[in-house]
Amino acid sequence: MSVVPMTTTPIEIEPPVSLWRDAWHRLRRNRLAVFGLIVVVILAFAAIFGPYLTPYDFLSQDLNSRNMAPSLSHLFGTDDLGRDVFSRVVYGTRTAFLVAIVVTFIAVLIGVTLGALAGFFGGWLDRIVMWLTDMTMSIPNLLLVVVINASLKSPITSWMESRYLATLNPVYRETIWVDFLLVFGSMALISWPPYARLVRAQVLSIRSRPYITAAQALGLTNRIILMRYVVPNALGPLIVAVSAGLGTAMVLESAFSFLGVGVNPPTPSWGNMISDGLRVWQHYPHLLAAPAAVLGLASVAFSFLGDGLNDALNPRGAK
Amino acid sequence: MMMANDIRPEPSAKTGERLLDVKGLTIEIETRNGPATIVDGIDLHVDKGETLGIVGESGCGKSLTMLSMMRLLPNKIKVTKGEANFAGRDLQKMSNSELRKVRGGEVGFIFQDPMTSLNPVMRIGQQLAEPLIYHRGMSKAEARKRAGELLKLVGIPGAEDRLDAYPHELSGGMRQRVMIAIGLACNPQLLIADEPTTALDVTIQAQIVDLVKDLRDKLGMSVVWITHDLALIAGLVDRINVLYAGTVVEDAPVDALFANPSHPYTQGLLASIPKLSDERSARLSSIGGTPPEPGRRPKGCPFAPRCPLVEAICHERVPTLEGLNHDGAHRVACFVAQRKLEAA
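Residues numbered from 1 in each chain as written. Chains lettered and ligands numbered in written order. Predicted model: local features only at pLDDT ≥ 70, side-chain atom pairs only at ≥ 80, totals over all residues.

Hey, could you run me through the overall build of chain B in this one?
Counting its regular elements, chain B contains 12 helices and 12 strands. Taken over the C-alpha trace, chain B has a radius of gyration of 21 Å; the compact-globule value for 344 residues is 20 Å, and the two agree within 12%. Expressed along its principal axes, the backbone C-alpha trace of chain B runs to roughly 65 × 50 × 40 Å. When burial is assessed residue by residue, chain B has 47% of its 344 residues classed as buried. Across chain B, contacts joining residues at least 24 apart in sequence account for 64% of those joining residues at least 6 apart. (Helix = DSSP H or I, 4+ residues; strand = E, 2+ residues; numbered from the N terminus. Rg over C-alpha atoms; globule rule 2.2 N^0.38 Å. Buried ≥ 20, exposed ≤ 12 C-beta atoms within 10 Å, placed from the backbone. Contact = placed C-beta atoms within 7 Å.)

Take a look at the structure:
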């Protein structure tokens, strides 16, 4: 093995620092972002393990202890049916996370695919995707959800009930997931445009960078270039958008449930708990305060985390 | 010399056989006022084992010719006429999948800016392995081993440890070495170096030139080196083509070009290189004016408006590349120079 004579002075060899580890160091220095991250981790933990850890079942009623103020046995008190509010808030976390993750996941999947294809290939594909994006953005999400509730939900639910009575097939017994599928499925289908626009803009700027020409000069296929050169470089801003998007989706879920078009009782959601609490807040303020405070905390935490990620992943933009 | 053997056995001597033969390549760009010609019927050739230097000022179509030859330019810029034969096959007529095999597999590229020509989110080992996996069908482990060898070949200290580094952890010179290693990964027959040293400081420039020279001799490939710095490549290339406004104005073996620059543009270029013997108070020599904009090419010789020796005929007809009497290998596209040498 022969080596070309070396004329350089040796450079210092230090352990490789990845872009992500670098970003993590910057994130750790941002107090608000760390606060956001901790809250998000606690909420995620509650969403996953909460129902196994809470002292009471979220449905079990105790009519002897209704509307009790917060105490050691009931941390957030009890509601008008004697259900433990803490357990319900924890279960509401699961509802919120489930909705937020499913909605964001579908929206990101659609948005990234369409945006990346449109930006990379341009031409007629770009025009069609952008036209679709503009069209979808013009649909107000609240209106769409109300329309779907009013038109599709009850026929599908009653069809399922009749199928269950006819066949006794357990597939048709639970109608709760129809709520999720219809309401939040439709939410996902209209919340992808921001992701598509973001990714398209990123791809447009990345496409003209020298390393893309260099990759083409290596004879790599468009598929490899798109998957390994373009999309990974567009990921930073996307992660920020996803973090903010998760928070937004949670607030939306609560808003819909608050208005009675989201998750139906008795499944606990922060939104429908706030709605119930609002009617009696003069007498039992804890029924409103507990779910509202947690919703506010979650929303703020996601936005701090999103801002922190934004600074961490775009070091040039940070002061 | 195990390395050289398993790479390619041929000797590095010139064979006189054409490897790259570009004939009458015309490149147009779409503008708001319709198509404008940037490169006008350019002729170039590179023999097997030969090193060709392409020289000219910014915007004269040096990089453009090479990039469009490999069909690497955006859709706005199109090759409208001519052919580019590589090893007997026309690159312009190839299918995309054939072309992909040539790119990276048979023709390696080194780009101008080492700071932005590497994918910032991919470890350099992976970037080196990519063409090996794709063109040579190597397994990941084989490709990684070979990537380590390549880094060693281009003189990167601690090569194996550097495989897991990201581009931003390397200095400019190191990155350019990585770029060279990537260009060489599949043992190309032709290496196209597009101003690979412009972004580097002078000592590193010399190292990179020496490195490419060593590798060329060792691997026996042909090299096209694009630059605007004549002095830098004097010791590297066999032959120089001087480009002006998208045409070759002078084509000469390197010694002949320096000894007897015949085109007034070449003379101007050489005169504009500052020399140590110059008076300190002397002004640096330059060529007045600017090259013609695409779409506004003069009718005759494109250099006529800036030429100190201009005559009436220069505004009327376009001179063609003609071999000079005493030396057929030295060709120039200039009426005045041709006449002068015929008279001599």
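Could you clarify how one ought to interpret the nonpolar core in this entry?
Buried together is how nonpolar side chains tend to be arranged in soluble globular proteins. Within the largest apolar cluster, 167 residues are counted, with the highest numbers of intra-cluster contacts made by A:Val230, B:Leu150, B:Ala181, B:Leu190, B:Ala193, B:Val224 and B:Val249. Examining the composition of this core, we find that 17 residues originate from one element, helix H3 (residues 85–121) of chain A, more than from any other. If sequence neighbours within four positions are ignored, B:Leu190 has contacts with B:Leu19, B:Leu20, B:Val46, B:Glu106, B:Val107, B:Met221, B:Ser222 and B:Val224. (Core = buried A, V, L, I, M, F, W, Y, C linked by C-beta atoms within 7 Å.)

Help me understand unusual backbone geometry, please; the structure alone is not making it clear to me.
Peptide bonds are, in most cases, trans, and in most cases residues other than glycine have a negative phi. Residue and element names in this part refer to chain B. Its identity as a non-glycine residue notwithstanding, alanine 87 has a phi of 50°, on the positive side. Here alanine 87 lies in the loop between strand S4 (77–86) and strand S5 (89–90). Positive phi, normally seen in glycine, also occurs at alanine 245, with a value near 45°. Mapped onto the elements, alanine 245 comes out in the loop between strand S9 (239–244) and strand S10 (247–253).

What am I meant to see in helix H2 (residues 62–69) of chain B here?
In an α-helix, one turn spans 3.6 residues, which is why side chains three or four residues apart end up on the same side. Residue and element names in this part refer to chain B. For H2, a buried count of six out of eight residues is recorded, marking the element as mostly surrounded by other parts of the structure. Lys62, Thr65, Met66, Leu67, Ser68 and Met69 are the residues of H2 that are buried. One or two positions beyond H2, positive phi appears at arginine 71, with a value near 55°.

So what exactly am I meant to see when it comes to the pairing of strand S3 (residues 51–55) of chain B here?
A regular strand carries its side chains on alternate faces of the sheet. All names here are of chain B. Counting buried residues along S3, five of its five residues qualify, which places the element largely inside the surrounding structure. Along S3, one buried face is formed by Thr51, Gly53 and Val55 and the opposite face, lined by Leu52 and Ile54, is buried too. As paired strands, S3 and strand S8 (residues 222–227) are joined by five bridges and run parallel to one another. Looking at S8, one finds that glycine 53 is bridged to tryptophan 225. (Pairing = 2+ DSSP bridges.)

Would you take a moment to explain the confidence of the model for chain B for this structure?
The predicted coordinates ought not to be read in detail in places where the model reports low pLDDT. Across chain B, the average pLDDT comes to 82, with 93% of residues at 70 or higher. The ipTM for the predicted assembly is 0.81, set against a pTM of 0.73. (pLDDT = per-residue confidence, 0-100.)

Help me understand the pairing of strand S2 (residues 34–47) of chain B in this model?
Residues and elements named next belong to chain B. Pairing of strand S1 (residues 18–31) with S2, which is carried by 10 bridges, proceeds in the antiparallel orientation. Each residue of the ladder has a partner; that of arginine 18, found in S2, is aspartate 47. Joining the antiparallel neighbours S1 and S2 is a turn of two residues.

I tried to follow the environment of B:Ile287 on my own but got confused; where do I start?
All names here are of chain B. Within the secondary structure layout, isoleucine 287 lies in the loop between helix H11 (264–271) and strand S11 (322–324). By the C-beta count within 10 Å, which is 18 here, isoleucine 287 ends up partly exposed. Separated by 18 residues in the primary sequence, isoleucine 287 and leucine 269 place their C-alpha atoms 7.6 Å from one another. Those residues in contact with isoleucine 287 that sit more than four places away from it in its chain are Gly268, Ser272 and Arg306.

Which parts of the structure should I look at to understand the packing of H3(A) against helix H11 (residues 285–313) of chain A?
The angle between the axes and the distance between the axes are what describe a pair of packed helices. Residue and element names in this part refer to chain A. Put simply, H3 and H11 touch, their axes get as near as 11 Å, and they point 35° apart. Note that H3 runs across H11; the crossing there is right-handed. Packed against H3, whose contacting residues are Val85, Val89, Gly92 and Ala96, the element H11 presents His286, Leu287, Ala290, Pro291, Val294 and Ala298 at the interface. Partitioned by chemical class, the residues of the contact of H3 with H11 number eight nonpolar, two polar and no charged. (Axes fitted to C-alpha atoms, helices over the stretch in contact; angles between N-to-C directions. Left-handed = near helix turned anticlockwise from the far one by under 90°. Nonpolar A, V, L, I, M, F, W, Y, C, P; charged D, E, K, R; others polar.)

Would you mind going over the sheet that holds S4(B) with me for this structure?
As a general point, the strands of a sheet are linked pairwise by backbone hydrogen bonds and lie either parallel or antiparallel. Residues and elements named next belong to chain B. With respect to topology, four strands assemble into an open sheet ordered S2-S1-S4-S5, the strand pairing being antiparallel. Looking at strand neighbours, the two that pair on one side only are S2 and S5, the edges of this open sheet. Against the sheet, H2 contacts S1, S2 and S4, and its axis sits at roughly 105° relative to S1.

What is the right way to read the confidence of the model for chain A from this model?
All names here are of chain A. For chain A, the average pLDDT comes to 79, and 84% of its residues sit at 70 or higher. The secondary structure element of chain A with the lowest average pLDDT is helix H1 (residues 19–28), at 75, and the one with the highest is helix H4 (residues 123–137), at 91. In this model, residues 6–16 is a region of pLDDT below 50 whose contacts with residues beyond four sequence positions or in other chains number 16 contacts.

How do you make sense of the environment of A:Gly247 when you look at a structure like this?
Residues and elements named next belong to chain A. Counting through the fold element by element, glycine 247 comes out in helix H9 (residues 222–258). Look at glycine 247 and you get buried, because 22 C-beta atoms sit within 10 Å. The spatial distance from the C-alpha of glycine 247 to the C-alpha of glycine 111 is 18 Å, given a sequence separation of 136 residues.

Would you mind going over the packing of helix H7 (residues 193–207) of chain A against H9(A) with me for this structure?
Residues and elements named next belong to chain A. Relative to each other, H7 and H9 sit at 140°, their axes nearing to 9 Å. The crossing of H7 and H9 is right-handed. Counting all contacts with H7, which are made through Pro194, Tyr195, Leu198, Val199, Gln202, Val203, Ile206 and Arg207, the residues of H9 involved are Val230, Asn233, Ala234, Pro237, Leu238 and Ala241. Each residue belonging to the contact of H7 with H9 can be placed in one class, and the counts come to 11 nonpolar, two polar and one charged.

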